[in-house]
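Inside the fold
Okay, here's what each chain looks like letter by letter:
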Amino acid sequence: MKGKQVLLTGGTGGLGLGVTPAVLARGGVVTIPYHSETGIKRLQETLSAASLNCIRFVKTDLMDEKQVEKLVADMGRVDVLIHLVGGFSMGPTHQFSFEDWGQSLALNLNTTFLVCKHSLKLMRQSGYGRIVTVSSGAGVKPTAQLAAYSAAKAGVIALTQAIAEENKYFNITANTVLPSIIDTPSNRQAMGTDRIDKWVKPESLAEVICFLASEGARDIRGAALPVYGNI
Ligand SMILES: NC(=O)c1ccc[n+]([C@@H]2O[C@H](COP(=O)([O-])OP(=O)(O)OC[C@H]3O[C@@H](n4cnc5c(N)ncnc54)[C@H](OP(=O)(O)O)[C@@H]3O)[C@@H](O)[C@H]2O)c1
């Protein structure tokens, strides 16, 4: 990834704490669209000044197409898109509000569509692109109480695979990872630490994501890769 322009969404989130340093260690020049200052502060505390010099933070709401279009156009070139943004929701379908349903699709699926759409325009011009999206185990094995999240993450798989097919003659790949539970600060807070040895470490998932985003993964297209740890 040395010298590659990397659009890394969700780089300040829990998984981002593992992925951002991994991309920087491989020499990527990183743009992170951010939402809240809190996430930036937490990430900054974990990185050296030299690493921070290789990141550009741009305040962007990825649910807004105009903002996504500007973010990508201002980059001028996107070699690698790693889209981590997404979020969990749960509840029984008969009580789930339509508003929350829409929010889950917007956060998980619509953001994926928007960042892929606009990055692909530049990737097709330059004839190079690596796209890695984040689905979930729930996208292939939906369970009770997770209808909205599972449907949105199944959509992320379908979208990523369609993009992989559409762009196979343009040196552009698209693949997605399916994590189970990731060992993030939020999950530790919500579920305690008793079972963290079974969860996937952000650093470990970062290795998989960085491989899929690398030159070496040029022949992998449309993969939906389970990364379940010991669950
Ligand atoms: N955590 C798990 O156990 C788990 C399991 C399976 C799959 N996943 C998937 O893995 C991915 C990363 O999860 P995570 O735990 O790292 O989530 P997280 O800690 O909640 O981080 C989400 C990131 O997305 C950013 N974001 C949210 N809404 C945004 C918007 N509208 N525009 C721009 N940025 C926005 C957040 O930025 P701000 O903080 O600035 O809002 C944050 O950096 C998600 O797709 C999630 O569904 C997670």
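In case you missed it, the structure is sitting above this.
Summary of the structure given here. Since the structure is predicted, the reported quantities are computational estimates derived from the model, not experimental observations.

Considering the overall build of the protein chain
- If you tally the helices and strands in the protein chain, you get eight helices and seven strands.
- In terms of overall dimensions, the protein chain is globule-like: its C-alpha atoms have a radius of gyration of 17 Å, near the 17 Å expected for 231 residues.
- Each principal axis of the C-alpha distribution contributes one length, and for the protein chain these read about 45 × 40 × 35 Å.
- Put simply, the protein chain has 231 residues, and 48% of those count as buried.
- Summed over its atoms, the accessible surface of the protein chain is roughly 11000 Å², and 55% of this surface lies on carbon and sulfur atoms.
- Separation between the mean location of the 23 positive side-chain charges and that of the 19 negative ones in the protein chain comes to 5 Å.

Re the nonpolar core
- V19, I82 and I209 are the most contacted members of the largest nonpolar core, which has 28 residues in total.
- Of all the secondary structure elements, the ones that give two or more residues to this core are β1 (5-9), α1 (16-25), β2 (29-34), β4 (80-83), β5 (129-134) and α8 (202-212).
- When residues of this core are assigned to their parent elements, the largest contribution, five residues, is made by α8.
- When near neighbours in sequence (up to four residues on either side) are disregarded, V19 contacts L8, I82, L84, A206 and I209.

Let's talk about the packing of helix α5 (residues 98-126) against helix α6 (residues 147-166)
- Contact pair α5 / α6: the axes reach a minimum separation of 8 Å and the direction vectors enclose 15°. In terms of orientation, α5 and α6 fall into the roughly parallel class. Seen along the crossing, α5 lies across α6 with a hand that is right-handed. Between α5 and α6, the residues in contact are W101, S104, L105, N108, L109, T112, F113, C116, L120 and R124 and A147, A148, Y149, A151, A152, K153, G155, V156, L159, I163 and E166, respectively.
- Within the contact of α5 with α6, the residues separate by chemical class into 14 nonpolar, four polar and three charged.

A few points about the site of the ligand
- Near the ligand you find 27 residues, and of these L15, H35, S36, S180 and N187 are the closest.
- Measuring from an oxygen atom of the ligand, one finds a backbone N or O atom of G13 at 3.1 Å.
- Contacts to the ligand include T60, whose backbone N or O atom sits 3.5 Å from a nitrogen atom.
- For the ligand, the protein covers 84% of the area, taking 900 Å² as the surface of the free molecule.
- Of the pockets mapped on this structure, the ligand occupies the largest pocket.
- Of all elements in the fold, only α5 and α6 reach the threshold of two or more residues within the shell around the ligand.
- A breakdown of the residues in the shell around the ligand according to their chemical character gives eleven nonpolar, 14 polar and two charged.

Considerations on the side chain of S89
- Take S89: it is sitting in the loop between β4 and α5.
- Residue S89 is classed as buried on the basis of its relative accessible area of 18%.
- Ignoring anything within four residues of it in the chain, the contact list for S89 reads F96, S104, Q145, L146, A148 and Y149.

Some points on the layout of surface pockets
- Taken as a whole, the largest pocket encloses approximately 1400 Å³ of empty space.
- In terms of lining, the largest pocket is formed by 44 residues, of which the most central are G86, G87, F88, Y149 and I182.
- For the lining of the largest pocket, the elements supplying multiple residues, two or more each, are β2, α2 (37-46), α5, α6 and α7 (185-191).
- It is α7 that contributes the most residues to the lining of the largest pocket, four residues altogether.
- For the lining of the largest pocket, the residue count by class is 20 nonpolar, 20 polar and four charged.

Observations concerning the pattern of salt bridges
- In this structure the tally under the stated criterion is eight salt bridges.
- The residue R26 makes a salt bridge to E207 at a minimum N-O spacing of 3.2 Å. With R26 in the loop between α1 and β2 and E207 in helix α8, the pair connects residues that are 181 residues apart, well separated along the chain.
- Given a relative accessible area of 30%, R26 falls into the partly exposed group.
- Between K168 and E165 there is a salt bridge; the shortest N-O distance is 3.1 Å.
- Connected through salt bridges with shared partners, the residues D183, R188 and K201 form a single ionic network.

Here is what the cut-offs are and how they apply
Residues numbered from 1 in each chain as written. Predicted model: local features only at pLDDT ≥ 70, side-chain atom pairs only at ≥ 80, totals over all residues. Heavy atoms only, no water. Helix = DSSP H or I, 4+ residues; strand = E, 2+ residues; numbered from the N terminus. Rg over C-alpha atoms; globule rule 2.2 N^0.38 Å. Buried < 20%, exposed > 50% of the residue type's maximum accessible area, 1.4 Å probe, protein only. Areas by Shrake-Rupley, 256 points an atom, 1.4 Å probe, with all protein chains shown as cover. Lys, Arg positive; Asp, Glu negative; His and termini not counted. Charge placed at Lys NZ, Arg CZ, Asp CG, Glu CD. Core = buried A, V, L, I, M, F, W, Y, C linked by side-chain atoms within 4.5 Å. Contact = heavy atoms within 4.5 Å. Axes fitted to C-alpha atoms, helices over the stretch in contact; angles between N-to-C directions. Parallel < 35°, antiparallel > 145°, perpendicular 65-115°, else oblique. Left-handed = near helix turned anticlockwise from the far one by under 90°. Nonpolar A, V, L, I, M, F, W, Y, C, P; charged D, E, K, R; others polar. Near = heavy atom within 4 Å. Polar contact = N/O pair within 3.5 Å; in protein donor to acceptor, adjacent residues only side chain to side chain. 1 Å grid on protein atoms, 1.4 Å probe; cavity = no way out; pocket = protein on both sides within 12 Å on 5 of 7 lines; lining within 4 Å. Sits in = over half its atoms within 2 Å of the grid points. Points joined across faces, edges and corners; volume = space filled by probe spheres on them. Salt bridge = Lys/Arg side-chain N within 4 Å of Asp/Glu carboxyl O.

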